[in-house]
Amino acid sequence: MLVGVIGTGYVGLVTGACLAELGVTVLCGDTDGHKIAELKSGKLPIYEPGLKTLVRDNTDAGRLSFTEDLGELVRLADVIFITVGTPQGKDGSANINNILEVASVIGEELSEGKVIVTKSTVPVGTSEKIRERIEKNSDAEFHLCSNPEFLREGSAVYDFMNPDRVILGVDSDYAGAYLRHLYAPIVKNTDHILIMDLPSAEMTKYAANAMLATRISFINSIAALCRKKNADIGMVSRGVGTDNRIGESYLNPGAGYGGSCFSKDIQALLKMMADEDLDPSIFSTVEEVNERQKTLLYQKVVERLGKNLTGKKIAIWGLSFKPDTDDMRAAPSLVTIEALLEHAGSLAAHDPKAIQEARKRFGTSIEFSENQYEILSDASALVVHTEWDCYRHADFEIVKSRMKQPIVIDGRGLYDQDWLCKQGFEYYSLASSFTNCGQKE
Ligand SMILES: NC(=O)c1ccc[n+]([C@@H]2O[C@H](COP(=O)([O-])OP(=O)(O)OC[C@H]3O[C@@H](n4cnc5c(N)ncnc54)[C@H](O)[C@@H]3O)[C@@H](O)[C@H]2O)c1
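Residues numbered from 1 in each chain as written. Predicted model: local features only at pLDDT ≥ 70, side-chain atom pairs only at ≥ 80, totals over all residues. Heavy atoms only, no water.

1. A short note on the overall build of the chain
Scanning the chain for helices and strands turns up 18 helices and 14 strands. Relative to its length of 441 residues, the chain is compact, with a C-alpha radius of gyration of 24 Å against a globular reference of 22 Å. For the chain, the spread of C-alpha atoms along the principal axes amounts to about 70 × 50 × 40 Å. For the chain, contacts bridging at least 24 residues in sequence account for 72% of all contacts bridging at least 6. By element, 48% of the accessible surface of the chain is carried by carbon and sulfur atoms, the whole surface being about 19,500 Å². Taken as two groups, the 47 positive and 62 negative side-chain charges of the chain have centres that lie 7 Å from each other. (Helix = DSSP H or I, 4+ residues; strand = E, 2+ residues; numbered from the N terminus. Rg over C-alpha atoms; globule rule 2.2 N^0.38 Å. Contact = heavy atoms within 4.5 Å. Areas by Shrake-Rupley, 256 points an atom, 1.4 Å probe, with all protein chains shown as cover. Lys, Arg positive; Asp, Glu negative; His and termini not counted. Charge placed at Lys NZ, Arg CZ, Asp CG, Glu CD.)

2. Side note on the nonpolar core
Core analysis: the largest hydrophobic core is formed by 42 residues, its most contacted members being Val 3, Val 26, Leu 51, Phe 81 and Tyr 183. Considering every element that reaches this core, the biggest residue donor is helix H1 (residues 10-21), with seven residues. What Leu 51 contacts, discounting residues up to four positions off in sequence, is Leu 13, Val 14, Ala 17, Leu 44, Ile 46 and Val 157. One finds Leu 305, Phe 368, Ala 381 and Tyr 428 within the second-largest nonpolar core, a separate group that totals 33 residues. (Core = buried A, V, L, I, M, F, W, Y, C linked by side-chain atoms within 4.5 Å. Buried < 20%, exposed > 50% of the residue type's maximum accessible area, 1.4 Å probe, protein only.)

3. With respect to empty space enclosed by the protein
One pass over the full model with this rule turns up one cavity of 30 Å³ or more. Estimates place the volume of the largest cavity at around 40 Å³. Lining the largest cavity we find Thr 118, Ser 120, Thr 121, Val 122, Ser 146, Pro 148, Ala 201 and Glu 202. (1 Å grid on protein atoms, 1.4 Å probe; cavity = no way out; pocket = protein on both sides within 12 Å on 5 of 7 lines; lining within 4 Å. Points joined across faces, edges and corners; volume = space filled by probe spheres on them.)

4. A short note on the sheet that holds strand E12 (residues 381-384)
Taken in spatial order, the six strands line up as E11-E10-E9-E12-E13-E14 in an open sheet, and their pairing is parallel. In this open sheet, the two strands that pair with only one neighbour each are strand E11 (366-368) and strand E14 (426-429). Within this sheet the neighbouring strands show an average axis-to-axis angle of 20 degrees, counted without direction. The pairing of strand E9 (residues 313-317) with E12 spans four bridges and is parallel. Counterpart to Ile 314 in the pairing with E12 is Ala 381. Taken strand by strand, helix H14 (residues 332-342) contacts E9, strand E10 (346-350) and E11, and its axis lies near 155 degrees from that of E10. (Pairing = 2+ DSSP bridges. Axes fitted to C-alpha atoms, helices over the stretch in contact; angles between N-to-C directions.)

5. Let's talk about the site of the ligand
The environment of the ligand is made up of 28 residues, and the closest members are Asp 30, Lys 35, Thr 86, Glu 153 and Lys 264. A distance of 3.0 Å separates an oxygen atom of the ligand from a polar atom in the backbone of Tyr 10. In the environment of the ligand, a nitrogen atom lies 3.4 Å from a nitrogen or oxygen atom belonging to the side chain of Asn 98. Per-element accounting of the shell around the ligand gives the leading share, three residues, to helix H5 (residues 97-109). Looking at the shell around the ligand residue by residue, the classes come out as eight nonpolar, eleven polar and nine charged. (Near = heavy atom within 4 Å. Polar contact = N/O pair within 3.5 Å; in protein donor to acceptor, adjacent residues only side chain to side chain. Nonpolar A, V, L, I, M, F, W, Y, C, P; charged D, E, K, R; others polar.)

6. Topic: the domain arrangement of the chain
For the chain, the assigned domains read domain 1 (2-196), domain 2 (206-292) and domain 3 (294-438). A separation of 29 Å is found between the C-alpha centroids of domain 1 and domain 2. Counting residues at the interface gives 15 residues for domain 1 and eleven residues for domain 2. Roughly 890 Å² of surface becomes buried between domain 1 and domain 2 when both sides are summed, with 59% attributable to carbon and sulfur atoms. Between the two partners, domain 1 and domain 2, sit one salt bridge. (Domains from an automatic or database assignment. Buried area = accessible area lost by both parts, 1.4 Å probe. Salt bridge = Lys/Arg side-chain N within 4 Å of Asp/Glu carboxyl O.)

7. Structural notes on the pattern of salt bridges
By the definition in use, this model includes 21 salt bridges. Ionic pairing is found between Arg 131 and Asp 171, a salt bridge with its closest N-O pair at 3.1 Å. Taken together, the positions of Arg 131 in helix H6 (residues 126-137) and Asp 171 in the loop between strand E7 (166-170) and helix H8 (173-183) put the pair 40 residues apart, joining distant regions of the chain. Assessed through its relative accessible area of 17%, Arg 131 is described here as buried. Taking the shortest distance from any N to any O, the salt bridge between Lys 294 and Glu 291 comes out at 3.8 Å.

8. Some remarks on the sheet that holds strand E8 (residues 193-196)
Reading across from one edge, E3-E2-E1-E4-E5-E6-E7-E8 is the order of the eight strands in this open sheet, with mixed pairing throughout. With partners counted over all chains shown, the strands left at the sheet margins are strand E3 (64-67) and E8, one partner each. Neighbour-to-neighbour, the strand axes of the sheet open up by a mean angle of 25 degrees, direction not taken into account. On the sheet, H5 packs against strand E1 (2-6), strand E4 (79-82) and strand E5 (114-118) and is oriented at approximately 160 degrees with respect to E4. In the packing of H8 onto the sheet, the strands contacted are E1, E4, E5, strand E6 (142-146), E7 and E8, and the crossing angle to E7 comes to about 160 degrees.

9. So, the environment of Asp 30
Among the structural elements, Asp 30 can be located in the loop between strand E2 (25-29) and helix H2 (33-40). Classification of Asp 30 as buried rests on a relative accessible area of 11%. For the pair formed by Asp 30 and Gly 9, sequence separation is 21 residues and the distance between their alpha carbons is 8.8 Å. Apart from residues no more than four positions distant in its own chain, Asp 30 is found in contact with Gly 7, Thr 8, Lys 35, Ile 36, Thr 67, Glu 68 and Leu 70. A polar side-chain atom of Asp 30 sits 2.9 Å from the main-chain amide nitrogen of Asp 32.

Below you can see the structure in the form of structure tokens.
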């Protein structure tokens, strides 16, 4: 069996490398020639824990290879995964041009009996558009599957290899049986392979992301009320999450969700609902709450240091939208950085993996360092954006000795408030009162 994967981004490269690790021969393709050249020379275009080793080992073993020639990939592969980007369009909908382009190439090169699997997140009904596009160019019989991906950046390899469940929307028993067999090594409990129709599988992805984003905006709204009522959001969150009906995940208050998926997928959901004349207000509110949440950190800086930040240096720990990734797409740090630059602040930033990406976006308007303490010299405030482990266990004696004013504004609730305040810091945490060391407002 040869598996073809079209699109070598976060989802495609992880899918290709993980399937190869299961012993399958995989050919990954992409139209980005630079990316393919890098991959062929052993360089990874993205950071994801464990991925580099997986790609190297499987390339060395001859099970994983890369091509720019998508036609060749379609001719050789028995099953073709589509994992290309589906960016947000101007009207909020997911733009499926990449998907349809791939479908055209598949149609041009297709031979009998292949299984075409969409892993990209696509609006409900896209599978039928893929079918139409393929059939324009081909009379060959084929099978369609919608297999939405639920991996999280930062733990993508682990998530792919240990899925809670695999969703398979199929148009034939053959496609269901084929993919069930492919996934069998990583889904020990076959009850967790859920076979359904194509639109239900497409919808499941949007429903899952909307639920997770809703939980985040929900807890951030409860946190805002806790601040007014002097209730401890940490305890409230635990008290709510330990109810088995609710569960503890995605109930941490913070600076809002980011990343390439939640916002984009909710916008697409809003558009789908509007197109059907349905009331989308629950999801628009989730997004509004999140947009507001992303502004809280820079507002606190301005509240403490004034609107005119000329001559003031603000240090930022964490740029990626979450730890263990270099991805800055829709990261809350972008909102803070853009606002502080507008207020003429001088910025210095550290991130274990995202500095290269941040340099592409901000050039020399920010001072970057590979050393998290170096950027603190003369800083009037430290804003903590991402919960990387190196920040959790930071040495606050060094932090204090370097900073001009020991003000820490924490968007992720990483530190013990009492301890930090005893060390002489002014400390504001979005996971507690967001007032100086928990003083009443
Ligand atoms: N990133 C995530 O955490 C995640 C999780 C689940 C689902 N998804 C979904 O998976 C899809 C891919 O996301 P991603 O984060 O991997 O995107 P990405 O931007 O990292 O990668 C997409 C890749 O597709 C390639 N591509 C674009 N058009 C192409 C074409 N016509 N032919 C061949 N290659 C093409 C690009 O060059 C790029 O390498 C999206 O629909 C996304 O919503 C993403």
